[in-house]
Amino acid sequence: MAALPVLALLLLLCWGGPQAAGQKRKEMVLSEKVNQLMEWASKRSVIRMNGDKFRRFVKAPPRNYSVIVMFTALQPHRQCVVCKQADEEYQILANSWRYSSAFTNKIFFAMVDFDEGSDVFQMLNMNSAPTFINFPAKGKPKRGDTYELQVRGFAAEQLARWVADRTDVNIRVIRPPNYAGPLMLGLLLAVISGLVYLRGSNLDFLYNKTGWAFVALCFVLAMTSGQMWNHIRGPPYAHKNPHTGQMSYIHGSSQAQFVAETHIVLLFNGGVTLGMVFLHEAATSDMDVGKRKIMCIAGIGLVVVFFSWLLSVFRSKYHGYPYRYVSS
């Protein structure tokens with residue numbers, strides 16, 4: 001009977017020894033991975049990865065950190081304009097985290113370029129770029145871990161909100177100083193001051209109703225076309241189909257839009273407005289009858305054509321909309 005405690009102790013040592021050694025080895029591997037990532041992050045906020053690095057530091061356990069990966073195609077021959085724009089915002093987000101006082105090894109930002117890690121794209125069955133995916137510290141990525149680029153845009157602020165939702169890491173986005181706005185304001189003030197100086201006491205131009213109406217009209221057209229959406233969401237200019245290479249300038253959803261779509265809608269609204277102005281002038285001006293008829297026909301033509309195109313854009317975004325004017 002005295003031999004039983006000794007035997008139990010030997011069994012415990014035999015069982016716990018390999019398990020403890022395995023746990024220690026796991027901790028050593030994790031420490032090496034974290035130290036390597038921290039070293040890379042200290043040199044570059046966005047860590048560039050190929051297939052081997054991705055499999056070792058993102059896919060393979062152990063891992064107690066999250067990795068935000070941007071899958072992109074930045075090489076010039078890929079002609080991915082959206083990739084370059086998204087990369088700029090992604091760099092701003094990563095730099096804001098890297099140089100903040102709250103920076104820890106809880107989350108890292110990485111990038112896989114198609115020309116450097118095409119095997120990763122194949123592994124994940126990915127056929128479009130840019131794409132943002134969060135690889136959480138525990139488990140596999142879920143549906144919400146893939147960023148909805150077409151809906152939310154790629155502005156750094158939107159990416160930061162998504163990162164906070166998926167990782168509980170709040171990043172305060174700090175953008176590099178942009179002097180374009182102050183310079184434009186200074187230039188405008190200089191022009192106004194120059195006009196006041198040259199005109200002297202004659203300031204009748206400030207009371208010109210046509211001039212102020214034109215300025216107000218430009219502002220209204222810009223706002224109704226969706227410029228504020230672009231400023232807030234930061235959508236891509238257009239979308240290129242990776243399979244066919246076809247460019248899309250109108251977003252197929254009513255919940256999003258492209259920058260090019262804003263310009264198109266602004267042009268169409270401007271055409272309709274110009275047509276209405278022509279019609280008004282044809283009805284109220286003192287010109288001879290022939291010129292008024294020409295202006296009336298031109299106004300009707302502008303309204304019909306551009307309003308028809310506006311309805312076509314509306315139908316392409318709101319599927320099932322039953323009405324059209326001239327073109328479908």
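Cut-off values and rules
Residues numbered from 1 in each chain as written. Predicted model: local features only at pLDDT ≥ 70, side-chain atom pairs only at ≥ 80, totals over all residues. Heavy atoms only, no water. Helix = DSSP H or I, 4+ residues; strand = E, 2+ residues; numbered from the N terminus. Buried < 20%, exposed > 50% of the residue type's maximum accessible area, 1.4 Å probe, protein only. Contact = heavy atoms within 4.5 Å. Areas by Shrake-Rupley, 256 points an atom, 1.4 Å probe, with all protein chains shown as cover. Expected span 1.5 Å × (residues − 1). Salt bridge = Lys/Arg side-chain N within 4 Å of Asp/Glu carboxyl O. Axes fitted to C-alpha atoms, helices over the stretch in contact; angles between N-to-C directions. Parallel < 35°, antiparallel > 145°, perpendicular 65-115°, else oblique. Left-handed = near helix turned anticlockwise from the far one by under 90°. Nonpolar A, V, L, I, M, F, W, Y, C, P; charged D, E, K, R; others polar. Pairing = 2+ DSSP bridges. UniProt positions renumbered as here; feature names shortened; annotations may be inferred.

Participant: What is the right way to look at the overall build of the chain in this model?
Facilitator: In terms of helices and strands, the chain carries 11 helices and six strands. The proportion of buried residues among the 328 residues of the chain is 34%. Nonlocal contacts in the chain, meaning residues at least 24 apart in sequence, comprise 65% of its contacts between residues at least 6 apart. Working note: accessible area of the chain is about 20,700 Å², and carbon and sulfur atoms make up 63% of it.

Participant: Before we go on, may I ask you to explain helix α10 (residues 259-284) in this structure?
Facilitator: An α-helix turns once every 3.6 residues. As a result, residues three or four positions apart point the same way. With 26 residues, α10 ought to run about 38 Å at 1.5 Å a step, and its terminal C-alpha atoms sit 38 Å apart, in line with that. Within the span of α10, buried status applies to V259, A260, E261, T262, V265, F268, N269, G271, V272, G275 and A282.

Participant: Looking at this model, I keep getting lost on the pattern of salt bridges. Mind explaining?
Facilitator: Applying the stated rule across the entire model yields eight salt bridges. For E89, the salt bridge is made with R175, and the minimal N-O distance between the two is 2.6 Å. With E89 in helix α3 (residues 81-98) and R175 in the loop between α6 (156-167) and α7 (180-199), this residue pair connects regions lying 86 residues apart in the sequence. Looking at E89, the relative accessible area reads 13%, which means it is buried. For R175, a relative accessible area of 37% corresponds to the partly exposed category.

Participant: Quick question: what am I supposed to make of the packing of helix α8 (residues 209-224) against α10 here?
Facilitator: When two helices pack together, their arrangement is captured by the angle between the axes and the distance separating the axes. Following both chains from N to C, one finds α8 and α10 inclined at 135°, their axes separated by 9 Å at the closest point. For the element pair α8 / α10, the angle class is oblique. Both α8 and α10 take part in a crossing whose hand is right-handed. Between α8 and α10, the residues in contact are L217, L221, A222 and T224 and L266, N269, G270 and T273, respectively.

Participant: Hey, could you run me through the packing of α10 against helix α11 (residues 289-317) in this one?
Facilitator: Viewed as axis vectors pointing N to C, α10 and α11 meet at an angle of 150°, and their least axial separation amounts to 7 Å. Between α10 and α11, the angle is such that the two are roughly antiparallel. The handedness of the crossing between α10 and α11 is left-handed. Split into classes, the residues belonging to the contact of α10 with α11 amount to 21 nonpolar, four polar and four charged.

Participant: Quick question: what am I supposed to make of the pairing of strand β4 (residues 131-135) here?
Facilitator: In terms of burial, β4 is largely enclosed, as five of its five residues are buried. In terms of strand pairing, strand β2 (residues 66-72) meets β4 through five bridges, oriented antiparallel. Each residue of the ladder has a partner; that of V69, found in β4, is I133.

Participant: Please explain the sheet that holds strand β3 (residues 107-113) as it appears in this structure.
Facilitator: Strands belonging to one sheet form pairs held by backbone hydrogen bonds; the direction of such a pair is parallel or antiparallel. The strand order across the open sheet built from four strands is β1-β3-β2-β4, with neighbouring strands paired in mixed fashion. Lying at the two open borders of the sheet, with one neighbouring strand each, are β1 (46-48) and β4. On average, each strand axis in the sheet is inclined to that of its neighbour by 30°, with strand direction left out of account. Two strands pair when backbone bridges link them, and β1 and β3 are joined in this way by three bridges, in the parallel orientation. Paired with R48 across the strands is M111, a residue of β3. Sheet strands in contact with α6 are β2, β3 and β4, and its direction is about 25° off that of β4.

Participant: Help me out: how do you make sense of the UniProt feature "transmembrane region" (unreviewed entry) in the chain in this one?
Facilitator: According to UniProt, the "transmembrane region" (unreviewed entry) feature falls on residues 179-198, 210-229, 264-282 and 294-314. Between the first and last C-alpha atoms of residues 210-229 the distance is 29 Å; the span itself is 90% helix and 0% strand.

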